[in-house]
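Observations on chain architecture
Read off the chains here:
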Amino acid sequence: MVKLDEYQSKRLIEKAGFLIPNGYIAFTPEDVEEISEKIGAKVVIKAQIMISSRFKEGGIIFANNPIEAKELSKKLFYSEIKRQRIKKVLVEEKIDIDKEYYLGIIINDSYKIRSPVIIFSTEGGVDIEIVSSRNPEKISTMTVDICHGFKQYDAYNLLLDLGIPSHLLRSLGDAICKLYEVFKRYDARIAEINPLVLTKHGKICAVDCRITIDDSSLINHPDVEYDIPRDIDRPTTELEKIAWSIEENDYRGISFFNQMVLEITDEGYVGYHGIGGGGAILGVDALNRHGLKIADYAETSGNPPASKVYRLAKIILSQPGIEGYFLSGFAIANQEQWHHAFGLVKAFREDLKNKRGFPVVIVIAGNKEKESIEILKDGLKDIPIRLEVYGRKHVYDTDFIASRMSLLIEEYRKEIRKR
Amino acid sequence: MMYEFITRTGKIFIDHDKCENCKSNICVDSCRTYGRDILKIDNKRAVLAIDLSESSRLCNECLACEEKCRLYGQDAIMIQLPIPNLVSFRKNLENRCL
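Residues numbered from 1 in each chain as written. Chains lettered and ligands numbered in written order. Predicted model: local features only at pLDDT ≥ 70, side-chain atom pairs only at ≥ 80, totals over all residues. Heavy atoms only, no water.

**Things to note about the side chain of A:S115**
Along the chain, A:S115 turns up in strand β9 (residues 115-121). When near neighbours in sequence (up to four residues on either side) are disregarded, A:S115 contacts A:I106, A:I107, A:N108, A:T143 and A:V144. (Helix = DSSP H or I, 4+ residues; strand = E, 2+ residues; numbered from the N terminus. Contact = heavy atoms within 4.5 Å.)

Structure representation (structure tokens):
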């Protein structure tokens, strides 16, 4: 899933007819000053980072004039909130608020439902989870029957449940229907306006907005800007962008790479490469139980070519500080596993030939398993690494495999200390 | 003489001078087993058995020819699979460490 920044989400709902505060994106304090002058009113400066509670964390500041805006924004730029560096801010006119509401649409994945659910609350501007626990009576929800669609009267019913005054029914009902249209048009998984405000002038305005789009549908939405179509709650790292570049135009199988730790400063991190999602998670759990952590979560499956496996392995090995490489194929795969074997052999021969004693544990099971194990063992026999390759006999034995990884890392550390 | 052809995402180089001493023809066998059977021996040299313009479509980048030639042939095949920006990423890391 792709999480859009606030300003990107607002562009989408503006096209659908939503009123949004007059504002522009800024990359420097000078930009902030210029935009504030252009707006000609009190402004709000909002860090464009993907965290909740931005205001509480100091990511939203108010300024009365352009000079103040410039000065205050200097504190924001290149500071970090929850480990996210602020590189751009949204400068918007400050809205005079009369009342705040919450409006959200999510996909309920439950097999019993599998439909969008519309959520409206008379308490906006705070996390909906908090409202839900403290004042559930202030929330109204409606599951959309996708065959029937979502109609204006459905929106009115949702609002009437909360006792919204009749003079606001039309404007708030319109807002719900418009957001539903955006949600549908952009194949969103989540669309949220919090707060949706009633201004002192009686208008409905979307002050903050977040949209998350299903990454499989991005090909249909060339107007949506994104770095990489991955569900990541922080800016994309350089390695993740490189990993995406090998996947972007190559439909053969899949490769996925997510950096779990941006900078390794501690011992016990392993370069992690799974084959198949569910089985791979078993491997992560087992490593954790043995005191090891994963530096990344990477995966190749769906019968990828050896070239894709090779490239992903090189990316995993590019993380400084990892103490081992773990190919976690805890599943009997029906793809020909020798493509994994050839890809890994080429990558390890290139990158590990000078890494004496580096631990590599491989679990590979399924179609052409015997041949794959032979390819790995033959291809790497002259590379001075600590290599252990396991097949289907150990495919359910995650603890044993993790204990081997742990032991090899321990030996490797001792060897390095001796050198 | 270096013979070369492109694959979908890379390039394969075959050193024909080395091929001349090869008795195994392992590249052809491995392409048949792991790949798409697109190599043949012509005058003691490994060449494409298909039209050159078809190589990027038909080669499945199994990498077997390179590895098997290294182990059982004359180490005459080299496959280049560039990864955009990875080299500069690694260089930057090295510089930071220094």
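**Quick look at the pattern of salt bridges**
Between side chains of opposite charge, pairing is possible as soon as their charged atoms come close. All names here are of chain A. In this structure the tally under the stated criterion is 44 salt bridges over all chains. In this structure, K184 and E181 form a salt bridge, with 3.8 Å as the shortest nitrogen-oxygen distance. Placement of both K184 and E181 in helix α6 (residues 166-185) is noted, with a separation of three residues, approximately one turn of the helix. A relative accessible area of 47% places K184 in the partly exposed class. E181 sits in the partly exposed class, given a relative accessible area of 37%. Between R413 and E323 there is a salt bridge whose closest N-O contact spans 2.9 Å. Residue R413 is found in helix α12 (residues 398-418), and its partner E323 is found in the loop between α9 (306-317) and β18 (325-328); the two are separated by 90 residues along the sequence. Among the residues examined, E323 registers a relative accessible area of 10% and is labelled buried. Via salt bridges that share partners, E6, K10, K46, R54, E92 and D208 belong to a single interconnected network. (Salt bridge = Lys/Arg side-chain N within 4 Å of Asp/Glu carboxyl O. Buried < 20%, exposed > 50% of the residue type's maximum accessible area, 1.4 Å probe, protein only.)

**Remarks on the interface of chain A and chain B**
On the side of chain B, 26 residues touch chain A, which itself brings 31 residues to the contact. Both sides together, the interface formed by chain A and chain B hides about 2400 Å², and carbon and sulfur atoms give 58% of it. If you look at where chain A meets chain B, you find four salt bridges. In this structure, the salt-bridge partner of B:R90 is A:D351, at a minimum N-O distance of 2.6 Å. The tally of links between chain A and chain B comes to 12 residue pairs in polar contact (both at pLDDT 80 or more). Put simply, the parts of the chain that give the side of chain A that touches chain B at least two residues each are α7 (238-248), α9, α10 (338-351) and α11 (369-380) of chain A. Looking at the side of chain A that touches chain B element by element, the count peaks at eight residues for α10(A). Its residues assigned to classes, the side of chain A that touches chain B shows 14 nonpolar, seven polar and 10 charged. (Buried area = accessible area lost by both parts, 1.4 Å probe. Polar contact = N/O pair within 3.5 Å; in protein donor to acceptor, adjacent residues only side chain to side chain. Nonpolar A, V, L, I, M, F, W, Y, C, P; charged D, E, K, R; others polar.)

**Digging into the sheet that holds strand β2 (residues 11-15) of chain B**
Residues and elements named next belong to chain B. On the basis of which strands lie adjacent, the open sheet formed by three strands has the order β1-β2-β5 and antiparallel pairing. Only two strands of the sheet have a single neighbouring strand rather than two, namely β1 (2-6) and β5 (77-80). Taking the axes of each pair of neighbouring strands and ignoring which way they run, one obtains an average angle of 15 degrees across the sheet. Of the strands in this sheet, β2 and β5 are in contact with helix α4 (residues 64-72), which crosses β5 at around 145 degrees. (Pairing = 2+ DSSP bridges. Axes fitted to C-alpha atoms, helices over the stretch in contact; angles between N-to-C directions.)

**Re the packing of aromatic side chains**
All names here are of chain A. Evaluation of the coordinates by the stated rule reveals 14 aromatic pairs over all chains. Connected via pairs of aromatic rings, a cluster forms that spans F256, Y272, Y297, F326 and F330. For the cation-ring pair, K178 lies above F18, with the distance from its terminal atom to the ring centre recorded as 5.7 Å. (Phe/Tyr/Trp six-rings, centres within 6.5 Å; stacked < 30°, edge-to-face > 60°. Lys NZ or Arg CZ within 6 Å of the ring centre and 35° of its normal.)

**Regarding the packing of α10(A) against α4(B)**
Packed helices, taken two at a time, are described by the angle their axes make and the gap between the axes. Viewed as axis vectors pointing N to C, α10(A) and α4(B) meet at an angle of 65 degrees, and their least axial separation amounts to 9 Å. The way α10(A) lies across α4(B) gives a crossing that is left-handed. Note on element contacts: α4(B) touches α10(A) through B:A64, B:E66, B:E67, B:K68 and B:R70, opposite A:F342, A:V345, A:K346 and A:R349. Split into classes, the residues belonging to the contact of α10(A) with α4(B) amount to three nonpolar, no polar and six charged. (Left-handed = near helix turned anticlockwise from the far one by under 90°.)

**Quick word on the side chain of A:K308**
Residue and element names in this part refer to chain A. Assignment of secondary structure puts K308 in helix α9. In terms of polar contacts, K308 uses its side chain to reach the backbone carbonyl oxygen of D250, at 2.8 Å. Those residues within four positions of K308 in sequence are excluded, and the remaining contacts are I246, E247, D250, Y251, R252, G253, I254 and S255.

**Things to note about α7(A)**
Residues of α7(A) that are buried: A:L239, A:E240, A:I242, A:A243, A:W244, A:I246 and A:E247. Tucked into the core, α7(A) has its buried residues touching β14 (254-259) and α9 of chain A together with α5 (86-97) of chain B.

**With respect to the sheet that holds strand β7 (residues 89-93) of chain A**
The strands making up a sheet associate through backbone hydrogen bonding, with each pair oriented either parallel or antiparallel. All names here are of chain A. Spatial ordering of the open sheet is given by β2-β7-β3-β4, a layout of four strands whose pairing is antiparallel. For this open sheet the edge positions go to β2 (23-26) and β4 (60-63), each flanked by a neighbour on one side alone. Between one strand axis and the next, the sheet turns through 20 degrees on average, direction left out of account. Sheet topology places strand β3 (residues 43-47) next to β4; four bridges connect them, and they run antiparallel. Bridged to K46 within β4 is I60. Helix-sheet contacts for helix α1 (residues 6-15) involve β2, β3 and β7, and the interaxial angle to β7 is about 50 degrees.

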